[in-house]
Amino acid sequence: MPTGATVAALTTSLPETPGGERNWDYRYTWMRDSTFTLQALHYLNLDWEADKFMQFIADLESNGDGALQIMYGIDGTRDLTESTRDDLSGYAGARPVRIGNGAFDQRQNDVFGAVLDSILLHTVRSKRLPRRLWPLVQQQATCAAAVWRNPDQGIWEARGAPQH
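Student: What should I look at first to understand helix H4 (residues 134–147) in this one?
Tutor: Three or four residues apart is the spacing at which side chains of an α-helix point the same way, because the helix has 3.6 residues per turn. Spanning 14 residues, H4 covers 20 Å between terminal C-alpha atoms, matching the ideal 20 Å at 1.5 Å per step. Within H4 the residues assigned to the buried category are Leu-136, Val-137, Gln-140, Cys-143 and Val-147. Burial along H4 is one-sided: seen end-on, the buried residues are contained in an arc of 140°. Of the exposed residues in H4, those oriented more than 90 degrees away from the buried face are Thr-142, Ala-145 and Ala-146. If you follow the buried residues of H4, they end up packed against helix H2 (47–59) and helix H3 (110–126).

Right, here's the structure in full:
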């Protein structure tokens, strides 16, 4: 509340491995992960919450080409520039503590399918396609058709040059 966004995690800098440096900030809404959350909400008959999430999706600002980012702030923030806080330590002393997530501006071609899958799941459950979601369907399908052959960072959010 009040945006309807889902959050991947309530923490930042929880290391992937104890003592590791791969401490990411997950306090954001990931399009791919949210598809699974939306499905769970519907399975649990939490349709009001699922609808609020779809309204959040409909309100997101897309990139210049019409594509949605891979993640947004829970208030719809697009710029999630990453920085570190050297004065803090993460879980069990892990460092660095990161604020923001540098993956926010990556191209991940599977996100088009995740967004479309969310809309499909919601439409099947509610037995209607909300009118305000149709432009999003068109945009994501158009973007996917234009770039699906292009390299990207992939689902693992690899840092570095895009790859196939």
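Student: Can you walk me through the layout of surface pockets in this structure?
Tutor: One simple way to see leftover space: roll a probe sized like a water molecule over the atoms. In this model, the largest pocket occupies a volume close to 340 Å³. Forming the walls of the largest pocket are 15 residues, and the residues nearest its centre are Glu-16, Tyr-26, Ile-155, Trp-156 and Glu-157. Of the residues that constitute the lining of the largest pocket, the class distribution is eight nonpolar, one polar and six charged.

Student: What's the story with the nonpolar core in this structure? I'm lost.
Tutor: Across soluble globular proteins, nonpolar side chains have a tendency to be buried as a group. Grouped together as the largest cluster of nonpolar side chains are 25 residues, with contacts concentrated most on Met-31, Ile-57, Leu-68 and Met-71. Residue assignment for this core shows that the elements contributing at least two residues are helix H1 (31–43), H2, strand E4 (71–72), H3 and H4. In terms of residue count, H2 provides more of this core than any other element does, five residues in total. Apart from residues lying up to four places away in sequence, Ile-57 is in contact with Met-31, Leu-68 and Leu-136.

Rules and cut-offs
- Residues numbered from 1 in each chain as written.
- Predicted model: local features only at pLDDT ≥ 70, side-chain atom pairs only at ≥ 80, totals over all residues.
- Heavy atoms only, no water.
- Helix = DSSP H or I, 4+ residues; strand = E, 2+ residues; numbered from the N terminus.
- Expected span 1.5 Å × (residues − 1).
- Buried < 20%, exposed > 50% of the residue type's maximum accessible area, 1.4 Å probe, protein only.
- Arc of directions from axis to C-beta.
- Contact = heavy atoms within 4.5 Å.
- 1 Å grid on protein atoms, 1.4 Å probe; cavity = no way out; pocket = protein on both sides within 12 Å on 5 of 7 lines; lining within 4 Å.
- Points joined across faces, edges and corners; volume = space filled by probe spheres on them.
- Nonpolar A, V, L, I, M, F, W, Y, C, P; charged D, E, K, R; others polar.
- Core = buried A, V, L, I, M, F, W, Y, C linked by side-chain atoms within 4.5 Å.

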